[in-house]
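# Structural characterization, general
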Amino acid sequence: MISRRLIIYFSLTLLLAVGFAYYTKEDKPQEVVEKEAVVQKPNKVAVESTSEPKKQVNQIRRFFSRGIDKFPIVETVTYTSRVEWLKGRPAWIADYASHYNTSRHFIARSLNGKEDYISQKVSPGDNFNILKPDKEVSFHLLVDLSKCTAKFSYEDHETNEIVEIKTYPVGVGRKDSYSPSGCLTPLGKYKLGQKIAIYKRGVENYFQNKKTHMMEIFGTRWIPFAEEVENCTDSAKGYGIHGLPFIYNEEKDEYIEDISVLGQYDSDGCLRFLEKDINEIFSIVITKPTYVEIVKGSEDESSIRCEK
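So, how was this worked out
- Residues numbered from 1 in each chain as written.
- Predicted model: local features only at pLDDT ≥ 70, side-chain atom pairs only at ≥ 80, totals over all residues.
- Heavy atoms only, no water.
- Helix = DSSP H or I, 4+ residues; strand = E, 2+ residues; numbered from the N terminus.
- Buried < 20%, exposed > 50% of the residue type's maximum accessible area, 1.4 Å probe, protein only.
- Areas by Shrake-Rupley, 256 points an atom, 1.4 Å probe, with all protein chains shown as cover.
- Pairing = 2+ DSSP bridges.
- Salt bridge = Lys/Arg side-chain N within 4 Å of Asp/Glu carboxyl O.
- Contact = heavy atoms within 4.5 Å.
- Core = buried A, V, L, I, M, F, W, Y, C linked by side-chain atoms within 4.5 Å.
- Phe/Tyr/Trp six-rings, centres within 6.5 Å; stacked < 30°, edge-to-face > 60°.

## As for the overall build of the protein chain
For the protein chain, the count of helices and strands is 6 helices and 17 strands. Sorting the 308 residues of the protein chain into buried and exposed places 39% on the buried side. As displayed, the protein chain has an accessible area near 18800 Å², and 52% of this comes from carbon and sulfur atoms.

## Section: the pairing of strand S7 (residues 188–192)
With burial as the criterion, only one face of S7 is covered, namely that bearing Gly188, Tyr190 and Leu192; the residues Lys189 and Lys191 on the opposite face remain uncovered. Pairing of S7 with strand S17 (residues 290–295), which is carried by 4 bridges, proceeds in the antiparallel orientation. Within S17, the position partnered with Tyr190 by the bridge is Val292. Pairing of S7 with strand S11 (residues 221–230) involves 4 bridges; the strand directions are antiparallel. By the bridge assignment for S11, Leu192 is matched with Phe225.

## Quick look at the pairing of strand S13 (residues 246–249)
Looking at chain direction, S13 and strand S14 (residues 254–257) are connected through 4 bridges and run antiparallel. Considered in S14, the bridge of Asn249 is made with Glu254. Where S13 folds back onto S14 in an antiparallel hairpin, the turn is made up of 4 residues, including Asp253, whose phi is positive at roughly 55°.

## Points about helix H6 (residues 275–285)
Among the 11 residues of H6, 9 are classified as buried, and the element is accordingly described as predominantly covered. Where H6 is concerned, the buried positions are Asp277, Ile278, Asn279, Glu280, Ile281, Phe282, Ser283, Ile284 and Val285.

## So, unusual backbone geometry
Unlike most non-glycine residues, Cys148 shows phi in positive territory, near 55°. The residue Cys148 is located in the loop between strand S3 (137–144) and strand S4 (149–156) in this model. Given the relative accessible area of 2%, Cys148 is considered buried. Of note in the backbone geometry, Asn231 takes a positive phi value of approximately 50° without being a glycine. By secondary structure assignment, the location of Asn231 is in the loop between S11 and strand S12 (240–243). Take Asn231: its relative accessible area is 65%, and that puts it in the exposed class.

## Brief notes about helix H4 (residues 104–112)
Burial analysis of H4 places 7 of its 9 residues in the buried class, the great majority of the element. Taken together, the buried positions of H4 are His105, Phe106, Ile107, Ala108, Arg109, Ser110 and Leu111. In the stretch just after H4, Gly113 is the one whose phi turns positive, near 70°.

## Digging into the pattern of salt bridges
This structure, assessed with the given rule, holds 10 salt bridges. Residue Lys135 pairs with Asp156 through a salt bridge whose shortest N-O separation is 3.0 Å. Of this pair, Lys135 sits in the loop between strand S2 (127–131) and S3 while Asp156 sits in strand S4, and the two are 21 residues apart along the sequence.

## So, the environment of Val137
Mapped onto the fold, Val137 is located in strand S3. Among the residues examined, Val137 registers a relative accessible area of 5% and is labelled buried. Val137 sits 151 residues away from Lys288 along the chain, and the two C-alpha atoms are 7.2 Å apart. Discounting residues that sit within four places of it in the chain, Val137 has contacts with Ile73, Glu155, Asp156, His157, Lys288 and Pro289.

## Topic: the nonpolar core
Core analysis: the largest hydrophobic core is formed by 42 residues, its most contacted members being Phe63, Phe139, Phe225, Ile241 and Phe273. With 5 residues, the top contributor of residues to this core is H6. Ranked by size, the runner-up nonpolar core spans 14 residues in total, among them Leu86, Ala91, Ile93 and Phe128.

## Some remarks on the side chain of His242
Tracing the backbone shows His242 in strand S12. Looking at His242, the relative accessible area reads 3%, which means it is buried. Beyond its immediate sequence surroundings of up to four residues, His242 is in contact with Ile217, Phe218, Arg221, Trp222, Cys270, Leu271, Arg272, Phe273 and Ile278.

## So, the packing of aromatic side chains
Under the definition given, this model contains 19 aromatic pairs. Their ring planes at 50° and their centres at 5.5 Å tell us that Tyr79 and Tyr96 sit as a pair that is tilted. Remark: Tyr96 occurs in helix H3 (residues 93–99) and Tyr79 occurs in the loop between strand S1 (74–78) and H3; sequence separation between them is 17 residues. Overall, Tyr79 belongs to the buried group, its relative accessible area being 3%. Judged by centre distance (5.2 Å) and plane angle (85°), the ring pair of Trp85 and Tyr96 falls under edge-to-face. Remark: Tyr96 occurs in helix H3 and Trp85 occurs in the loop between S1 and H3; sequence separation between them is 11 residues. Accessibility expressed as a relative area gives 27% for Trp85, which makes it partly exposed. A relative accessible area of 2% means that Tyr96 is categorised as buried.

Listed below in structure tokens is the structure:
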């Protein structure tokens, strides 16, 4: 009788010992794993939030829109051939451009509702935009040489508001270790000038003492630097913003834009834009004060080929 009770006692003791060992071996580590998982969750969320790409600003349409979303520095007018500020003959688009200090290219794009800066077919009652004559504004291009980008904005001097419009890819000067900028493009703030040019097929002139087709050098638009404003490492003379060079294709008998040099250190120091981009900028800025500020950017982002 006593031996049977001892056997039952020892059996129960053994079962309790095994159960305790199992608990300490399995449950405790599981509890630690759960705590570690809780700690890791915030880190995972943080990584996901920082990996989201930054949206590119593009508000160009607000210059040419005739709706309520147009920029406050823009006004929509209705065309009529008889105007009080012009006597003796009908008024044309060029007359509106001169009166409102707005380029005819700007008016043409708004009138045509597309990227057509040339056609000026207009009838009484047609609407188009002009830059408000009572608004004192200036335009700005901030060029980052390390990224080969140009950030376009305007400043309303009445409200002191600076509005970012769009960022463009650009080509810049060839690498030069002796230049403060590291390339042939200078650093500093420059004002653009009035001696603008539009180039078409067949237009020739002298460049570096050699007669050449200007489209092969400057594309279709040229706006020169006119004066040094602040922290300039070179004089303004000889520099400017213009389109990408065009290459003549003999087989097709046409000029083709050389987009291979966009986003590269390849020019003699000027800033190169895609043809559609320089046409766009040209139409907006040529009648208003415009400044180009060129900065070196982050040293660790510089490379033989600019970022895109």
